[in-house]
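What follows is each chain in one-letter form.
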Amino acid sequence: MSTTSMMLRRLHPRDDSTSSVPSGAGTPPSASPQSQRPLVGATGRSSSSGTLGTEVRPGSSASHRSSSHGGHHVKSPEPLQGHKVRNVASSHWGDMFRLKASVVPVVLVPTLVVTAWAALVSVFYMVDSVNFLNGRLPNSTTLVTILGVVMSLLLVFRTNTSYDRFWEGRRIWATVQTNVRNLTRYIWICVQVRNQDDARLKAGAMNLVLAFAIATKNYLREEDELSDDVAALVAHIPEYAARAAALKAAVDADASADSKGLSGRGLPPAAASLDAAAKAEDRPLSLPMELTLHLQAFTNYCRRNELVDVPVQNQLTAAVSALVDSVTSFERIRSSPIPFAYNIHLKQTLLVYLLSLPFQLLPGIFWATVPAVFLASF
């Protein structure tokens, strides 16, 4: 039978309930059914007579698609099913009316102020009793055109810069994910275990790798680095266990004070005091960087006790170094915002553009200037 016909038969299986198996395909030539170890099926029980694959129960749908040959159950290929691949980020028409996570609450007040200015200018131009602007405004939109070009250049630069910063941060976070997965794989597979102490150190190192990702997120958001989810992963280190216990006691004290109505009597919250003391403490490294020190110490311990060979040690060290580099890149993005002078110049130019817009639009569209300015300022 040709290779093409075999591929077509695999892609388009027949609808019969059984499939034939060629002679000699049940077991390898070098092994007999008696010498093979029985495999555990999906039900957790060893299948009898050297059964391969999952156990097929009578009356199940799988039993109608399998046949027995030489004491082995062989499943026929199932027909291919189409899967629809979708992106994680999805959009919906309801997003147009969503206020949460939008800029509407931020820009609404400035937009209403500029719209009120446009309405006042329209009254001084359209109402007969106070129309002292009528006949004094130019019928040219040259100023709006020039300012519009300038604003477009400034806003395009601002938008591109912001998106570049966002995309670079996303790429760095993907690098963190990759190195965390590689590091856990190296530790779990390549590190040997000789006694219970080595097993505990190995499990603790796995927890430190997971805690690094969460602690990095908390550190970049300026949240509590030793949160509950991080404290549960680093509880095997006495220093972090003591700090987590002190923080939990302070939070419980705050909750007790709130329940007794003492929070409004000018008493300083215990958690806030502890947080201020932690910030005032001389800690040259953040929690993610401290975790990398522990991970590097674990790598050196494994090599010193010959739990890993030199190539694995190099891979572990490279992964830890990549995590340190990712944290440094995150800090660079967070501590290097768009230049302050540029922000001031952009806001001043935008204010001049919006305040001069009614004077340019009134001679042409009259009262429609008010909604036009509202949409332009939004």
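See the structure shown above.
Notes on the structure follow. (Residues numbered from 1 in each chain as written. Predicted model: local features only at pLDDT ≥ 70, side-chain atom pairs only at ≥ 80, totals over all residues. Heavy atoms only, no water.)

**Quick word on the overall build of the protein chain**
Within the protein chain one finds 11 helices and two strands. Ordered by position from N to C terminus, the α and β elements of the protein chain give α-β-β-α-α-α-α-α-α-α-α-α-α. Counting every position in the protein chain, which comprises 378 residues, the buried fraction comes to 27%. For the protein chain, contacts bridging at least 24 residues in sequence account for 63% of all contacts bridging at least 6. Surface exposure of the protein chain reaches about 25,200 Å², of which carbon and sulfur atoms provide 61%. (Helix = DSSP H or I, 4+ residues; strand = E, 2+ residues; numbered from the N terminus. Buried < 20%, exposed > 50% of the residue type's maximum accessible area, 1.4 Å probe, protein only. Contact = heavy atoms within 4.5 Å. Areas by Shrake-Rupley, 256 points an atom, 1.4 Å probe, with all protein chains shown as cover.)

**Regarding the packing of helix H2 (residues 104-126) against helix H11 (residues 369-377)**
The geometry of H2 relative to H11 is characterised by a closest axis approach of 9 Å and an angle of 155 degrees between their N-to-C directions. For the element pair H2 / H11, the angle class is roughly antiparallel. Two packed elements cross with a definite hand, and for H2 against H11 that hand is right-handed. For the pair H2 and H11, contact is made by Thr 111, Leu 112, Val 114, Thr 115, Ala 118, Ala 119 and Ser 122 and by Thr 369, Val 370, Val 373, Phe 374 and Ser 377, respectively. Partitioned by chemical class, the residues of the contact of H2 with H11 number seven nonpolar, five polar and no charged. (Axes fitted to C-alpha atoms, helices over the stretch in contact; angles between N-to-C directions. Parallel < 35°, antiparallel > 145°, perpendicular 65-115°, else oblique. Left-handed = near helix turned anticlockwise from the far one by under 90°. Nonpolar A, V, L, I, M, F, W, Y, C, P; charged D, E, K, R; others polar.)

**Notes on the nonpolar core**
With 38 residues, the main nonpolar core has Leu 183, Ile 187, Leu 226, Val 234 and Leu 291 as its most contacted residues. Put simply, the parts of the chain that give this core at least two residues each are helix H3 (142-190), helix H4 (196-220), helix H5 (228-233), helix H6 (238-259), helix H8 (287-304) and helix H9 (310-335). Top contributing element to this core by residue count: H9, with eight residues. With sequence-adjacent residues up to four places away left out, Leu 183 is seen in contact with Val 209, Leu 295, Leu 316, Ala 319, Val 320 and Leu 323. If you look at the next biggest cluster of nonpolar residues, it comprises 13 residues, including Ile 338, Tyr 353, Leu 357 and Val 373. (Core = buried A, V, L, I, M, F, W, Y, C linked by side-chain atoms within 4.5 Å.)

**Here we look at H9**
Helical geometry: 3.6 residues make up each α-helical turn, so side chains three or four residues apart lie on a common side. Counted at 1.5 Å a residue, the expected span for H9 with its 26 residues is 38 Å, and the 37 Å between its end C-alpha atoms agrees. Residues Val 312, Gln 313, Leu 316, Ala 319, Val 320, Leu 323, Ser 326, Val 327, Ser 329, Phe 330 and Ile 333 constitute the buried set of H9. Packing partners of the buried residues in H9 comprise H3, H4 and H8. Structurally, the start of H9 carries an N-cap: the backbone nitrogen of Val 312 is 3.2 Å from a side-chain oxygen of Asp 309. (Expected span 1.5 Å × (residues − 1). Polar contact = N/O pair within 3.5 Å; in protein donor to acceptor, adjacent residues only side chain to side chain.)

**A look at the packing of aromatic side chains**
Scanning all chains against the criterion turns up four aromatic pairs. On the basis of an interplanar angle of 50 degrees and a centroid distance of 6.2 Å, the ring pair of Trp 173 and Phe 330 is categorised as tilted. Placement of the pair is Trp 173 in helix H3 and Phe 330 in helix H9, with a sequence separation of 157 residues. Its end group placed over the ring of Trp 188, Lys 202 keeps NZ or CZ at 5.1 Å from the ring centre. (Phe/Tyr/Trp six-rings, centres within 6.5 Å; stacked < 30°, edge-to-face > 60°. Lys NZ or Arg CZ within 6 Å of the ring centre and 35° of its normal.)

**Some words on the pattern of salt bridges**
Within the structure shown, the criterion is met by two salt bridges. Ionic pairing is found between Arg 332 and Glu 168, a salt bridge with its closest N-O pair at 2.5 Å. In this pair, Arg 332 is assigned in helix H9 and Glu 168 in helix H3, connecting sequence segments 164 residues apart. Classification of Arg 332 by relative accessible area gives partly exposed; the value is 41%. Across the pair Arg 200 and Asp 197 runs a salt bridge, and its minimum N-O distance is 2.2 Å. Residue Arg 200 and its partner Asp 197 are located together in helix H4, separated by three residues, close to a single helical turn. Judged by relative accessible area, which is 55%, Arg 200 ranks as exposed. Exposure remark for Asp 197: the relative accessible area of 43% places this residue in the partly exposed category. (Salt bridge = Lys/Arg side-chain N within 4 Å of Asp/Glu carboxyl O.)

**Digging into a nonpolar patch on the surface**
Judged by side-chain polarity, Trp 117, Leu 120, Leu 351 and Leu 355 come together as a nonpolar surface patch covering roughly 330 Å² of accessible area. Here Leu 355 lies in helix H10 (residues 340-365). According to the relative accessible area criterion, Leu 355 is partly exposed, its value standing at 31%. (Patch = residues over 30% accessible without salt bridge, like charges linked within 9 Å, V, L, I, M, F, W, Y side chains within 5 Å.)

**Points about unusual backbone geometry**
Positive phi outside glycine occurs at Glu 222, with the angle close to 60 degrees. Along the polypeptide, Glu 222 turns up in the loop between H4 and H5. Residue classification places Glu 222 among the exposed positions, given a relative accessible area of 67%. Even without a glycine there, the phi angle at Phe 366 is positive, about 55 degrees. Along the polypeptide, Phe 366 turns up in the loop between H10 and H11. Look at Phe 366 and you get partly exposed, because its relative accessible area is 41%.

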